[in-house]
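Topology and contacts: notes
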Amino acid sequence: MDVPATRSADDGTPGGEGRWFALPRQPERPNAATEGEPRPAVAPGGHLGPLQRSAPAGEASPDAVLVRRTMAEVAPVADEFTSYFYATLFVRHPDLRALFPPAMNVQRDRLLKALLTAAERIDDAPFLIEYLQNLGLGHRKYGTRAEHYPAVGECLLGALSRYAGAVWDGRTEAAWVRTYTRLSQVMIDAAAADELRAPALWHAEVVSHELRTPDVAILTVRPDQPYAFRAGQYTSLETPWWPRIWRHYSFASAPRSDGLLTFHVKAVPAGWVSTALVHRVRPGDVLRLGQATGSMTVDHNRGSGLLCLCGGTGIAPVKALVEEAAEHGRRRPVEVFYGARSVHDLYDIETMRGLQRAHSWLEVRPVIDRNGLTQLPDALRTFGPWTDCDACVAGPPGLIRSAVKALREAGVSRERIRHDAVEELVVPGR
Ligand SMILES: Cc1cc2nc3c(=O)[nH]c(=O)nc-3n(C[C@H](O)[C@H](O)[C@H](O)COP(=O)(O)OP(=O)(O)OC[C@H]3O[C@@H](n4cnc5c(N)ncnc54)[C@H](O)[C@@H]3O)c2cc1C
Ligand code: HEM
């Protein structure tokens, strides 16, 4: 059996005086701590290179095998692993605590998920690079800097060596050093490039707040600097009452000439940010926004029909897509299935009907759920055929899953279906 080459000290750092990670972009510095072990190379040059060197099709690279083995070992003790990781991070680097929210329950889960995603897709360079670049840009609003990455890496490897002790050895450690160095360098490079073109975050004054139902508000804000986005995307938003607690909200209109941004927010029970946005925010309050992200964008030059399935506030990005299609001017048929639990929950149906009256290429079909079951898949089967359509799906995770399944059964190919990341959409009733 392999003997762990590096033992964690109680504070989660590697044994001895060494460090696993050099500061980013300084490959001449040593970056492996273990005496007698070959020092794994820091990703050279542009730092995207090593990730692009994928294993032959169907075959996992040696690093991928070792990284996945470690993650499998850690998965059953995920809670203890993440608690230990953050505890050591904040003990060793107390200055980093201020970047994180006071309550750490959600983020703890996300970091491990990100690592699992990276481990799972480690040989899929195009996916991983795009994923990490977005993550790197998103980290700018937290105040994350390049020099923070080695600190996180040290504590991560410390926690891995402790909780994956049964499989941890010198080769595994070297694989993790290489992997973390590459992942973090993609994030660092993306953030550095983005610094040249956009602020880390925007301040946005609330200019209107309309309560559409007792728990859904429509908010319009004016960013302090030009804000670029596409219909179908979403942003991160922070309120003044809950600093460092960021949540995602979709843009509810296509980019406007006056630069204003609109969001639909549903207050979820005991929800920190949504409740504040629905019940507390007033015109004049200033929110903070991260940058726009998300891949539910549409190429309006395509001739095929566009099918949109949405529920709850999922109507927001769909309305934005319809507006963008209208501005584009090309007469592409667009069908919107708008699902809700009751007529009362179809809070934006009049706006959608107004758009339908204005545009002959648009068909809007409200769909009311029965017995707590979403009727969207049934409604989809009643109409069609959809085989030659592009499709967008927006709303709560359950709706996304059932709509994607129904679309696949209706013959829409996987690559033509777009939706936001389901695993992030954890809160029911969106
Ligand atoms: C891409 C994307 C786009 C979105 N767009 C919109 C939008 O346009 N409009 C909109 O209203 N919302 C949207 N959301 C949801 C939004 O980001 C928030 O999740 C929602 O507003 C709740 O945030 P909160 O802070 O109020 O609730 P929180 O304080 O985060 O939680 C509220 C409740 O949910 C529970 N909860 C929290 N996390 C979990 C979890 N991991 N598992 C199970 N239960 C949990 C909590 O216990 C609590 O009871 C979007 C989400 C994503 C990922
Ligand atoms: C490879 C390295 C890293 C990975 C994979 C990673 C991953 C993640 C993920 C997936 C999230 C969830 C929210 C989001 O998507 O933005 C997140 C949030 C966050 N990360 Fe990282 N991260 C890394 C490095 C760092 C570093 C070096 C810092 C700085 C100390 C940092 C600070 C934060 C903060 C402050 C949050 C927000 C927490 C919250 O909103 O609850 N991360 N990270």
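Just so it is clear, the model here is predicted, and its values are computed rather than measured.

Quick notes on the rules
- Residues numbered from 1 in each chain as written.
- Chains lettered and ligands numbered in written order.
- Predicted model: local features only at pLDDT ≥ 70, side-chain atom pairs only at ≥ 80, totals over all residues.
- Heavy atoms only, no water.
- Buried < 20%, exposed > 50% of the residue type's maximum accessible area, 1.4 Å probe, protein only.
- Helix = DSSP H or I, 4+ residues; strand = E, 2+ residues; numbered from the N terminus.
- Pairing = 2+ DSSP bridges.
- Axes fitted to C-alpha atoms, helices over the stretch in contact; angles between N-to-C directions.
- Parallel < 35°, antiparallel > 145°, perpendicular 65-115°, else oblique.
- Left-handed = near helix turned anticlockwise from the far one by under 90°.
- Contact = heavy atoms within 4.5 Å.
- Nonpolar A, V, L, I, M, F, W, Y, C, P; charged D, E, K, R; others polar.
- pLDDT = per-residue confidence, 0-100.
- Phe/Tyr/Trp six-rings, centres within 6.5 Å; stacked < 30°, edge-to-face > 60°.
- Lys NZ or Arg CZ within 6 Å of the ring centre and 35° of its normal.

Regarding the pairing of strand β10 (residues 390-394)
With five of five residues buried, β10 lies mostly within the body of the structure. Of the two faces of β10, the one lined by Asp390, Cys392 and Ala394 and the one lined by Ala391 and Val393 are each fully buried. As defined by bridge partners, strand β7 (residues 306-311) adjoins β10 across five bridges and the pair is classed as parallel. Looking at β10, one finds that Cys310 is bridged to Ala394.

Brief notes about the packing of helix α5 (residues 125-138) against helix α7 (residues 170-195)
The interhelical angle for the contact between α5 and α7, taken along N-to-C directions, is 55°, at an axis separation of 7 Å. One finds that α5 runs oblique with respect to α7. For the crossing formed where α5 meets α7, the hand is right-handed. In this structure, α5 uses Leu128, Ile129, Leu132, Gln133, Leu135, Gly136 and Leu137 to contact α7, whose residues at the interface are Leu183, Val186, Met187, Ala190, Ala191 and Asp194. By residue class, the composition of the contact of α5 with α7 is ten nonpolar, two polar and one charged.

Let's talk about the sheet that holds β10
On the basis of which strands lie adjacent, the open sheet formed by five strands has the order β9-β8-β7-β10-β11 and parallel pairing. Each of the sheet's edge strands pairs with one partner strand only, and the pair in question is β9 (362-368) and β11 (417-419). Averaged over all adjacent pairs, the angle separating strand axes in this sheet is 15°, with direction ignored. Along the sheet, helix α9 (residues 315-328) makes contact with β7, β8 (334-340), β9 and β10, crossing β8 at roughly 165°. Helix α12 (residues 397-409) contacts β7, β10 and β11 of the sheet and is inclined by roughly 160° relative to β10.

As for the confidence of the model for the protein
In this model, the protein carries an average pLDDT of 84, and 83% of its residues clear a pLDDT of 70 or more. Low pLDDT, under 50, characterises residues 425-430; the stretch is placed with 22 contacts to residues that sit more than four places away or in other chains.

A few points about the packing of aromatic side chains
By the definition in use, this model includes 15 aromatic pairs. Here the aromatic rings of Phe90 and Phe100 are separated by 5.3 Å at their centres, their planes lie at 65°, and the arrangement is edge-to-face. One end of the pair, Phe90, is in helix α3 (residues 78-92); the other, Phe100, is in the loop between α3 and α4 (105-120), with ten residues separating them in the sequence. Neither residue differs from the other here; Phe90 and Phe100 are each classed as buried. Ring-pair connections join several aromatic residues into one group, and the members of that group are Trp202, Tyr227, Phe229, Phe251 and Phe263. Directly above the ring of Phe127 sits Arg121, whose terminal nitrogen or CZ lies 3.8 Å from the centroid. Sitting above the plane of the Phe383 ring, Arg365 keeps its charged end 3.7 Å from the centroid.

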